[in-house]
There are 2 protein chains.
Amino acid sequence: MKKKQVSLKDIAKEVGVSIATVSYVLSKGKDSRVSDAMSEKIREVAKRLNYQPNIIAQSLKSGTTNTIGLILADISNPFFANLARVIEDEAAKYNYTVIFGSSDEKATKSKQLIDFLSSRQVDGFIIAPSEGSEDQIHALQQQGIPVVLIDRFFPNISTDYVIIDNYESSYRVVAELIRSGHRRIGMLAYTDGLYHMQERIRGYQTVLSDNQLVEAPEWLGKISYTNGKKEIEAAIDSMLAGDKPIDSIFFATNTLAIHGLKYLGKLNKKVPDDIAVVSFDEGEAFDFYYCPLTHVRQPLEEMGKAAVQSLSNRIKNPKIPQQAICLSAEVVVRKSSSTTTSK
Amino acid sequence: MKKKQVSLKDIAKEVGVSIATVSYVLSKGKDSRVSDAMSEKIREVAKRLNYQPNIIAQSLKSGTTNTIGLILADISNPFFANLARVIEDEAAKYNYTVIFGSSDEKATKSKQLIDFLSSRQVDGFIIAPSEGSEDQIHALQQQGIPVVLIDRFFPNISTDYVIIDNYESSYRVVAELIRSGHRRIGMLAYTDGLYHMQERIRGYQTVLSDNQLVEAPEWLGKISYTNGKKEIEAAIDSMLAGDKPIDSIFFATNTLAIHGLKYLGKLNKKVPDDIAVVSFDEGEAFDFYYCPLTHVRQPLEEMGKAAVQSLSNRIKNPKIPQQAICLSAEVVVRKSSSTTTSK
DNA sequence: AAGATATGCTTAATCGTTTAAACAAAAAAA
DNA sequence: TTTTTTTGTTTAAACGATTAAGCATATCTT
């Protein structure tokens, strides 16, 4: 029942000619020296038999698969999902197929994915690297496999990357809270040592000290990626409980914001009257939140396009110098950071 | 600079033995007749050179890629995104890689994707078929390529599929509106002729007539997939404008619900007091909506698992009889369908 | 000791495609 | 007419892995 796909061989047999001739006609078109009559006939038979070239065989021969491996933290997170969609569409323009994988921020999983995709001979990688994956990235470079990092990068190894200015964005969005009169500003961030998170924290801390606001230790809540929800609630509790309870909070990612906002709801805190809020990222989820959020809007479209562009450049010419792209993000000011009216 | 991946040949040369011997050791393990000393040596060299088998070559030889093609309407739609994630994880358990594509509900795009994925020699397909793609599905079957349809199916061709009982779910969720005292119930659906949409409409119409409610023509708004937003607003306007303005509305998909709810917000209609609402699907987006929605909760997890399971069965044994799986969905009753208090 | 069996490895074909090189026949140049 | 060039097609090797079959040696049988 399982009919084999038709191959060049089948066409060759049908026409009564060698496989090579068929290949020349079908892959070279006018550039081959095959006679017009023969070309015509071959093309007709190919069409009749519904010939589709076997890309696996082409890949084996050419050593190139026109496929790129995309490793993200978590594809069910809207930030990454949207980024993935942009990358997929953009890659299609360059005639690349994308194969995805979610690392769940674990270096072990990221290693598995890299090995897996490498053995599938992807032509290059776009990776949002997880903590502790420097070696993996470095190893890829050693093997001469093109890699572009996205969203995060490692300052101590030289790679192509596309990021945003996390320090600057963080500074500006928190400055917005200060501008509107808030003085006791908490921040929820992840514990990991990834550079982009460090930069977001640095932005927060710098803008505080630039404004002579002395940060209380419990204001900065560090959450581990794995059991986030519990820790988020505990962190918010202690920010609100201290002798200097916060009047506003900065969420360093959209996931932190979603859980954080839900918890504030449970505590019956009204935004922005009881507590003002600013956040990184934006998602459909916030469209229905009762108070529009002041947030850092990352240029996903540009990031995705730049990453595919860079990767394509490097695949075409591995010797080009490092491409380090840092985009700036927009701070969108909405109601959630506005001045408390009742105080 | 571009170092070629190490192959069996490289190991063979290094050890001073034939390629076949290396292959036997690495792929057959203890079952080969290669001496322990030699096996040891080969394994050590393979490890030292960081050998990774070339899956492209294996695929060419075996004629199987351990890859499945997944074609969905739109991967940026949370319903499909979540379904995709379930399928990806489940497929991984069967040692399958998933390659995605979004058809955007267009038969032409779906055709392209099928051709593209076929030439990449996927072992099978999971497809949420778009309108007018019967021929494509049928052609795949003719070629003996395993296909499992998901979310929708075609009643006139015999395929494996996994769906939910759309008629039943629709009937039950609208019945909930009637139970809580609503009499003038609108519905927003898509125009397309796909079976699942027809069934949802049939459920709505049947429950109305079963309750002696005579439907006004403007109560059923049919929206085209492409320029949805405009049409949604127009349809809602006319539902509210007639001499029998609706007191409640049923959204046939989550996308319709999102746009519909936003528009109701613009019109300053409060849910459920001004208008009650029930919907198909659920998403993060609704978590922050002020009024929890009564909705049909599709068993995504089960659907995805069943689809992968079915496909795997058929790949293993193409001759098994048709697998038609119809799951039942849960109607989650929340506040949005509750009785109007002020009337 | 002679034949049978087991052991350990190699040869060669195969998957479907590409492409340099070879070759025969026809056309052009000498 | 002979040589050269062009035209149209075929041969064969290659990509990397798998695997049936082959072929020496070595080890058992009896």
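Within each chain, residue numbers correspond to sequence positions counted from 1 in written order. To read the labels, note that chains go from A and ligands from 1, taken in the order they are written. Predicted model: local features are reported for residues with pLDDT of at least 70 only, side-chain atom pairs are reported and counted for 80 or more only, and whole-chain, interface and lining totals are derived from all residues. Calculated side-chain values reflect all of the structure's heavy atoms, with hydrogen atoms and water omitted.

Draft legend 1. Focus on the UniProt feature "domain: HTH lacI-type" (unreviewed entry) in chain A. UniProt positions are given in the numbering used here, feature names are shortened, and annotations may be inferred rather than shown by experiment. The UniProt record annotates "domain: HTH lacI-type" (unreviewed entry) at residues 6–62 of chain A. The span residues 6–62 of chain A is 68% helical and 0% strand by assignment, and the distance between its end C-alpha atoms comes to 20 Å. A run of DSSP states H or I qualifies as a helix once it reaches four residues; a run of E qualifies as a strand once it reaches two. Both are numbered from the N-terminal end.

Draft legend 2. Here's a closer look at the protein's contact with DNA strand D. Lining the immediate surroundings of DNA strand D are 28 residues, of which T21(A), R33(A), S35(A), L8(B) and Y51(B) lie closest. In these notes, residues near a molecule or strand are those with any non-hydrogen atom within 4 Å of it. Backbone atoms, meaning sugar plus phosphate, form 53% of the atoms of DNA strand D positioned within 4 Å of the protein. A 3.5 Å cut-off defines polar contacts: any pair of N or O atoms within that distance qualifies, except that in protein one atom must be a possible hydrogen donor and the other a possible acceptor, and neighbouring residues in sequence count only when both atoms are side-chain atoms. Take K9(B): an N or O atom from its side chain is 3.5 Å from a phosphate oxygen of DNA strand D. In this structure, K28(B) approaches DNA strand D through a side-chain N or O atom, which is 2.8 Å from a phosphate oxygen. Secondary-structure elements contributing two or more residues to the surface near DNA strand D are α2 (19–28) and α4 (55–62) of chain A together with α1 (8–15), α2 (19–28) and α4 (55–62) of chain B. When residues of the surface near DNA strand D are assigned to their parent elements, the largest contribution, 6 residues, is made by α2(B). In this classification, Asp, Glu, Lys and Arg are treated as charged, Ala, Val, Leu, Ile, Met, Phe, Trp, Tyr, Cys and Pro as nonpolar, and every other residue, Gly included, as polar. In terms of residue class, the surface near DNA strand D is built from 13 nonpolar, 8 polar and 7 charged.

Draft legend 3. Expanded view of the interface of chain B and chain A. Whether two residues are in contact is decided by their heavy atoms: any pair within 4.5 Å suffices. Between chain B and chain A, the residue contacts involve 46 residues of the former and 46 residues of the latter. Buried area: the sum, over both parts, of the accessible surface (1.4 Å probe) that disappears when the two are put together. Counting each side, the surface lost to burial between chain B and chain A is near 4,200 Å², with a carbon and sulfur contribution of 56%. Any Lys or Arg side-chain nitrogen located within 4 Å of an Asp or Glu carboxyl oxygen qualifies as a salt bridge. The interface formed by chain B and chain A contains 5 salt bridges. Summed over the shared surface of chain B and chain A, the result is 16 residue pairs in polar contact (both at pLDDT 80 or more). Those elements giving two or more residues to the side of chain B that touches chain A turn out to be α4, α5 (78–93), β2 (97–102), α6 (107–119), α11 (254–266) and α12 (284–287) of chain B. The element contributing the most residues to the side of chain B that touches chain A is β2(B), with 6 residues. Of the residues in the side of chain B that touches chain A, the class split is 18 nonpolar, 17 polar and 11 charged.

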